[in-house]
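These are the residues of each chain, in order.
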Amino acid sequence: QVLSDVFNAPVYTMDTANSACLGSAYRAIHGLVAERNVSLADVVKSAPEPRLAVTPTAGAEEMYRPLLKRYAELEQKVIYNPTSSC
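Residues numbered from 1 in each chain as written. Predicted model: local features only at pLDDT ≥ 70, side-chain atom pairs only at ≥ 80, totals over all residues. Heavy atoms only, no water.

- Looking at an unreviewed UniProt entry, the chain carries the name XYLB kinase, with the source organism given as Calyptomena viridis.

If you want it as structure tokens, here you go:
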């Protein structure tokens, strides 16, 4: 639920072990076939069907939006000046 609220997006799950690894593998395959203009949608056609797990809580976006902005600013500081203190 927290991910859904923070990113204001529905969260889907799959009944598969190591689904994060599976997603990474599909992305890797997509990278390998990108030269042939194969879409990610075509690559994941054989993936298990995802199931909607949660949707964002009404009003949560207003609370998390400024925090996400601040997080992005801090992330940029670290990326462009990793020795500075945040």
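From this point, things continue past the structure.
### Quick look at the overall build of the chain
Stage number 1. The helix and strand inventory of the chain stands at four helices and two strands.
Stage number 2. Along the chain, helices (α) and strands (β) appear in the sequence α-β-α-α-β-α when read from the amino end.
Stage number 3. Here the C-alpha radius of gyration of the chain, 17 Å, is well above what a compact globule of 86 residues would show, namely 12 Å.
Stage number 4. Judged by the C-alpha coordinates and their principal axes, the chain covers about 45 × 35 × 25 Å.
Stage number 5. When each of the 86 residues of the chain is scored for burial, the buried share is 10%.
Stage number 6. A separation threshold of at least 6 residues defines the contact pool for the chain, and within that pool the share at least 24 residues apart is 65%.
Stage number 7. Averaged over its 8 positive side-chain charges, the chain has a centre that lies 5 Å from the centre of its 9 negative ones. (Helix = DSSP H or I, 4+ residues; strand = E, 2+ residues; numbered from the N terminus. Rg over C-alpha atoms; globule rule 2.2 N^0.38 Å. Buried < 20%, exposed > 50% of the residue type's maximum accessible area, 1.4 Å probe, protein only. Contact = heavy atoms within 4.5 Å. Lys, Arg positive; Asp, Glu negative; His and termini not counted. Charge placed at Lys NZ, Arg CZ, Asp CG, Glu CD.)

### Focus on the environment of Val6
Stage number 1. Here Val6 shows up in helix H1 (residues 2-7).
Stage number 2. Residues Val6 and Val38, spaced 32 residues apart in sequence, show a C-alpha to C-alpha distance of 32 Å.
Stage number 3. Beyond its immediate sequence surroundings of up to four residues, Val6 is in contact with Tyr64 and Leu68.

### What to know about unusual backbone geometry
Stage number 1. Phi at Asn8 is positive, roughly 50°, even though this residue is not glycine.
Stage number 2. For Asn8, the location among the structural elements is in the loop between H1 and strand S1 (11-13).

### Digging into helix H2 (residues 19-33)
Stage number 1. With 15 residues, H2 extends 21 Å from end C-alpha to end C-alpha; this agrees with the ideal 21 Å at 1.5 Å per step.
Stage number 2. Three or more residues of H2 are buried, namely Tyr26, His30 and Val33. Axial view of H2: buried residues confined to an arc of 75°, hence all on one face. Exposed and oriented more than 90 degrees from the buried face of H2 are Ala20, Cys21 and Leu32.
Stage number 3. Buried residues belonging to H2 abut helix H3 (40-43). (Expected span 1.5 Å × (residues − 1). Arc of directions from axis to C-beta.)

### Considerations on the pattern of salt bridges
Stage number 1. Evaluated as defined, the whole model comprises four salt bridges.
Stage number 2. Linking Lys69 and Glu73 is a salt bridge whose minimum nitrogen-to-oxygen distance equals 2.9 Å. Pair noted here: Lys69 and Glu73 are both in helix H4 (residues 60-80), with a separation of four residues, about one helical turn.
Stage number 3. With a relative accessible area of 54%, Lys69 lands in the exposed category. (Salt bridge = Lys/Arg side-chain N within 4 Å of Asp/Glu carboxyl O.)

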